[in-house]
Each structure stands twice: as C-alpha cells, then as structure tokens.
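Descriptive structure summary
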Amino acid sequence: MARRLDVTGADGVRLAAWDHTPGPGGTAPGPGGHPTVPDGRPSVPGGHPPAPGARVPVPGGAGIVPQPGPDAGARAGGGRPGSVPRPAQPSRGASPEAGRAPAPGVLLLHGLMGHAGHWAPAVGRLTGGHRVVALDQRGHGASEKPAGGPFTREAYVADAAAVVEQLGLGPVTLVGHSMGALTAWQLAAERPDLVKALVICDMRASALGAASQRAWQQWFRGWPAPFPSLEAVHRWFGADDPWVETPNPARGAFFAEVMTRHPDGWRPVFDPEQMLTSRETWVHDAHWDSLAQVRCPTLVVRGLDGELGRAEAQEMVRVLPHGAYAEIPDAGHLLHYTHPEAWSEAVEPFLNGVLTP
C-alpha cells in the first residue's frame, strides 16, 4: 500500500507525498493497480489521495525524517523567499532500514491538473530496488492549495527540493511529466547536488505564448461543472469536450481521478484559477537556457501523438550535455498513464543504467 508522507514545502506549504517502496511498511497496489491507504481502500473515490485533513498513519515512521519549521523551505541557506534551499545537515533516518545504505531515490512529479496517483499504472516497473516517491505538488491532489499562492516556478522547484532533502532521497532521479518535467529540469539545473538523473516526459522547452494561455482560459470557462456524476466527467473529457478530436476514454478517466464530490456535484480537487496562475509562469518564456545547464544524464520521452514534437525533442537532446531520446508509438500527452507498459519499456533501460550502483 502507498504510504502517505507529509512534508513541508517552500513558505511552509503542506505537501503530501506517496511512498511506493516495496517491503515492510512499503507499498502494494490496490484494486486495479492504484495505491491504497492502510485500511485497504483506494486512495480516494476516483483515485486521488485522501483529503489533506485525513492524515494516513505510517507504521513505525520508517524512512521519514522530522519536518522542519514552516519557514525552512524558503529560508534554508539564506536565499530569497521561494528560492531553492541549499543543503543543510544530512538527513537522519532517511534510510529505509537502519544500518543499511538507502535505496536509490526516485521522485515522480505529475503535470498540471494531475496528481500523484496518475503514476500508479506505471510505478510497478520502477520499484525494484529503488525508493519511489510520488508528490502531489502544491495546488494539486492532497497537498495544500494556498489561496494567496505563490504558484511560481520558483515555488514549485523549491517544493521539490524540500521533498528531496526532507525524505533523504538525494541524489535523486527525477521523473517529471509536462509541468512536472519542467520543475524537474529546473531543479536539476539549480541544484545539481540533489539530482542524479532526469526523465523528461512530453514537455516543451519553447515558449507557448499568450494565445495558448487565452485558449486555456476559455477552455476552463467552458467546463459544465459541477458535473452530476463521475460518468458525466468521463463523457465530457473523453468525448464531448471540444478539445477532443476523437473519443478518448483514457482522458476521461484521467480527469475523473482529480474530481471530488460536493453537495452540488463533482468538481476538480484543484482551483482552475490557480492552475492558470501556475501555467502563466512558464508559457510566455522559453526554457532552453535552464535545459542546457542540466549536467546529469537525461532521457527525453515523447508520445508520437503528444504535445512535444519530434524535432523539438531531438533539439532538446542536442542541447542537453548528456541527453538521450525515446518515443512511444500511439501515445499522446498522457503517455505514462495511457501506455504504462510501453512507457516503462522506454524508460527502464535508462533508469537501470543510472540507478544501478
């Protein structure tokens, strides 16, 4: 079963992480392959983890280090608020078993509007001999959604750094999808001491532009929320959404997993305005400079029908000092979710190469 780990991100924001490490106190897939909480229930109706107030006890606290104070994520190393914290003293208690070297750490970062549970279909291939943790990023899943933000690039990167340090995962292999991939490579560029390797899943380095942001604003406004049922969620995002060119049941399932029930119907667990704010901080700028600063081995993975084109993906590999390339036939943007076996086959050789001592 997936164990919930509560950590503190930048500015004291409360974050939920999910430890998929097998073994005593580790994880096991629940019905349908999704993580479960200790009583055997699926993490939540629709697949997302329990609400932030419903803390899941962790037997014995194995592998968890004490949380720092609320301001530790923002102030470690004396940096500006929201900057990436510098290393403090080595984390004690981070090893899964006392007296043994810690397993190589893998941190999974979902994309915009996603949550940690979206990695569940593919995570089984990544747990052999490794410590695999999936993070609900700020504003998503079971993590805090501060009304005043911030939802900047600096905040997301600082959160990821705090999780790596507090859980003793470093030097970590970061696996990111979409927005999570950008967070991953910006952390690798700014804190090479924390990152051993990197997997970028279907994220562009070029600027998307103001027109893209306006299109997203209009898209959110067109949602028929609240939805009367999860079946309605499946139907809208899988077939009725004007952005869907052909019926896509997997897309409907993806969005159903980030819905929660309210008295008037089903609404997303995230705030759409916060998602637009998060997106605003990256769509207007290109990110080639930070990509070129990544010094660790990096795999760029794209779906043939995804948002990252082949020419741009191969240019990203060229810009990376130690880049490699993989593509998944028939997969779109949600490649790890819709094609978990093909995705695992694409990334497993790379991961085995960088994670094997």
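Shown above is the structure to which this text applies.
What comes next concerns the included structure. (Residues numbered from 1 in each chain as written. Predicted model: local features only at pLDDT ≥ 70, side-chain atom pairs only at ≥ 80, totals over all residues. Heavy atoms only, no water.)

**Quick word on the layout of surface pockets**
Estimates place the volume of the largest pocket at around 1,000 Å³. Every residue lining the largest pocket is counted, 34 residues in all, and those nearest its centre are Trp-243, Arg-251, Glu-307, His-333 and Leu-334. In the lining of the largest pocket, the residues fall into 14 nonpolar, 12 polar and eight charged. (1 Å grid on protein atoms, 1.4 Å probe; cavity = no way out; pocket = protein on both sides within 12 Å on 5 of 7 lines; lining within 4 Å. Points joined across faces, edges and corners; volume = space filled by probe spheres on them. Nonpolar A, V, L, I, M, F, W, Y, C, P; charged D, E, K, R; others polar.)

**Let's talk about the nonpolar core**
If you look at the biggest cluster of nonpolar residues, it comprises 68 residues, and the most contacted ones within it are Leu-107, Met-113, Trp-185 and Trp-223. Here the element with the most residues in this core is helix α4 (residues 179-190); it accounts for eight residues. The residues contacting Trp-185, other than those within four sequence positions of it, are Leu-198, Ile-200, Met-203, Arg-204, Ala-205, His-287, Ser-290, Leu-291, Val-294 and Met-316. With 29 residues, the next largest nonpolar core counts Trp-18, Trp-119, Phe-350 and Leu-351 among its residues. (Core = buried A, V, L, I, M, F, W, Y, C linked by side-chain atoms within 4.5 Å. Buried < 20%, exposed > 50% of the residue type's maximum accessible area, 1.4 Å probe, protein only. Helix = DSSP H or I, 4+ residues; strand = E, 2+ residues; numbered from the N terminus. Contact = heavy atoms within 4.5 Å.)

**Quick look at the sheet that holds strand β6 (residues 195-201)**
Taken in spatial order, the eight strands of this open sheet run β1-β2-β4-β3-β5-β6-β9-β10, and their pairing is mixed. Taken across any chain shown, the strands that pair with only one partner, and hence form the sheet edges, are β1 (3-8) and β10 (323-328). Pairwise comparison of adjacent strand axes, ignoring direction, gives a mean angle of 25° for this sheet. In this structure, strand β2 (residues 14-19) lies alongside strand β4 (residues 131-136), joined through four bridges in antiparallel fashion. When the bridges of β4 are listed, Ala-16 appears paired with Asp-136. Against the sheet, helix α10 (residues 310-319) contacts β6, β9 (298-303) and β10, and its axis sits at roughly 155° relative to β10. (Pairing = 2+ DSSP bridges. Axes fitted to C-alpha atoms, helices over the stretch in contact; angles between N-to-C directions.)

**Describing the packing of helix α3 (residues 153-166) against α4**
α4 packs onto α3 with a crossing angle of 70° between their chain directions and a minimal axis gap of 9 Å. Here α3 lies roughly perpendicular to α4, going by the angle between them. Across the interface between the two elements, Arg-153, Tyr-156, Val-157, Ala-160 and Ala-161 from α3 touch Met-179, Leu-182, Thr-183, Gln-186, Leu-187 and Glu-190 from α4. Taken together, the residues that form the contact of α3 with α4 break down as seven nonpolar, two polar and two charged. (Parallel < 35°, antiparallel > 145°, perpendicular 65-115°, else oblique.)

**Thoughts on the pattern of salt bridges**
Evaluated as defined, the whole model comprises 13 salt bridges. The salt bridge involving Asp-6 is made with Arg-4; its shortest N-O contact spans 2.7 Å. With respect to burial, Asp-6 and Arg-4 carry one shared label: buried. Among the salt bridges present, the one from Arg-138 reaches Asp-159, with a minimum N-O distance of 2.6 Å. Here the residue Arg-138 occupies a position in the loop between β4 and α3, and Asp-159 occupies one in helix α3, the gap between them amounting to 21 residues. The exposure class assigned to Arg-138 is buried, which follows from its relative accessible area of 1%. Here Asp-159 falls in the buried class, since its relative accessible area comes to 2%. (Salt bridge = Lys/Arg side-chain N within 4 Å of Asp/Glu carboxyl O.)

In short, the description is geometric, and any link to function would need to be established separately.
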